[in-house]
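# Reading the structure
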Amino acid sequence: MGTIDPKDVNVGDEVYVIYNNPHTPSVSNVRAAEIVQHPKDPQAIALFLNDTFHVVENDDALYSSEAEAETAFNELYDEDVLF
C-alpha cells in the first residue's frame, strides 16, 4: 500500500483516507480530504474532511489517489481476512 508520509504533505494537497463513521463504527469508506492550515495552530496542518478539521497524526494513512485508498480498503476489509 502506497501511503504518503504525513510529513510530506502541503497545504492544498488533496489526499484520500479510509474514514470510519463515528456514528456507525462498522461503516467505513474511502473519502477525499484536503490538507489545510490548522485553524488554531499556524505551525500545524490539518485534514479537512466532512466540514471538520482533523489534526494530521504521524500514523494517519494518507493516499495520493482514490485507487490506492480503495486497494488498501479492500485489503483491510477483505471478508476472508476478517472471518
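## Things to note about the packing of aromatic side chains
All chains considered together, the criterion is met by two aromatic pairs. With a centroid separation of 4.9 Å and an interplanar angle of 50°, the aromatic rings of phenylalanine 48 and phenylalanine 53 are classed as tilted. We classify phenylalanine 48 as partly exposed; its relative accessible area is 28%. With a centroid separation of 4.8 Å and 35° between ring planes, the pair formed by phenylalanine 73 and tyrosine 77 is classed as tilted.

## Topic: the pairing of strand S5 (residues 52-55)
Bridging between strand S4 (residues 45-49) and S5 involves four bridges; their strand directions are antiparallel. Directly across from phenylalanine 48, in S5, lies its bridge partner phenylalanine 53. Remark: two residues form the turn of the hairpin made by S4 and S5, two consecutive strands paired antiparallel; asparagine 50 in that turn has positive phi of roughly 55°.

## Regarding the environment of isoleucine 18
Position of isoleucine 18 relative to the elements: it lies in strand S2 (residues 14-20). With residues up to four places along the chain from it excluded, the contact list for isoleucine 18 reads Ser28, Asn29, Val30, Tyr63, Ala69, Ala72, Phe73, Leu76 and Tyr77.

## Topic: helix H1 (residues 66-76)
Those residues of H1 lying buried are Ala69, Ala72 and Phe73. Across the axial projection of H1, the buried residues extend over an arc of 100°, all falling on one side.

## Section: the nonpolar core
Most often, soluble globular proteins have nonpolar side chains that are buried together. Counting residues in hydrophobic clusters, the biggest one holds eleven residues: Ile4, Val9, Val15, Val17, Tyr19, Ala33, Ile35, Leu47, Leu49, Val56 and Leu62. At the level of elements, S2, strand S3 (28-37) and S4 are the ones that each hand at least two residues to this core. If one sorts the elements of this core by residue count, S2 sits on top with three residues. Residue contacts for tyrosine 19: discarding those within four places in its chain leaves Val27, Ser28, Asn29, Arg31, Leu49 and Asn50. Judged by nonpolar contacts, the second largest core, of seven residues, contains Tyr16, Tyr63, Ala69 and Phe73.

## Here's the deal with unusual backbone geometry
Of note in the backbone geometry, asparagine 50 takes a positive phi value of approximately 55° without being a glycine. Mapped onto the secondary structure, asparagine 50 falls in the loop between S4 and S5. Asparagine 50 gets classed as partly exposed once you look at its relative accessible area, which sits at 36%. Not every positive phi belongs to a glycine, and aspartate 51 is a case in point at roughly 60°. Looking at the element boundaries, aspartate 51 is found in the loop between S4 and S5.

Calculation notes
- Residues numbered from 1 in each chain as written.
- Predicted model: local features only at pLDDT ≥ 70, side-chain atom pairs only at ≥ 80, totals over all residues.
- Heavy atoms only, no water.
- Phe/Tyr/Trp six-rings, centres within 6.5 Å; stacked < 30°, edge-to-face > 60°.
- Buried < 20%, exposed > 50% of the residue type's maximum accessible area, 1.4 Å probe, protein only.
- Pairing = 2+ DSSP bridges.
- Helix = DSSP H or I, 4+ residues; strand = E, 2+ residues; numbered from the N terminus.
- Contact = heavy atoms within 4.5 Å.
- Arc of directions from axis to C-beta.
- Core = buried A, V, L, I, M, F, W, Y, C linked by side-chain atoms within 4.5 Å.

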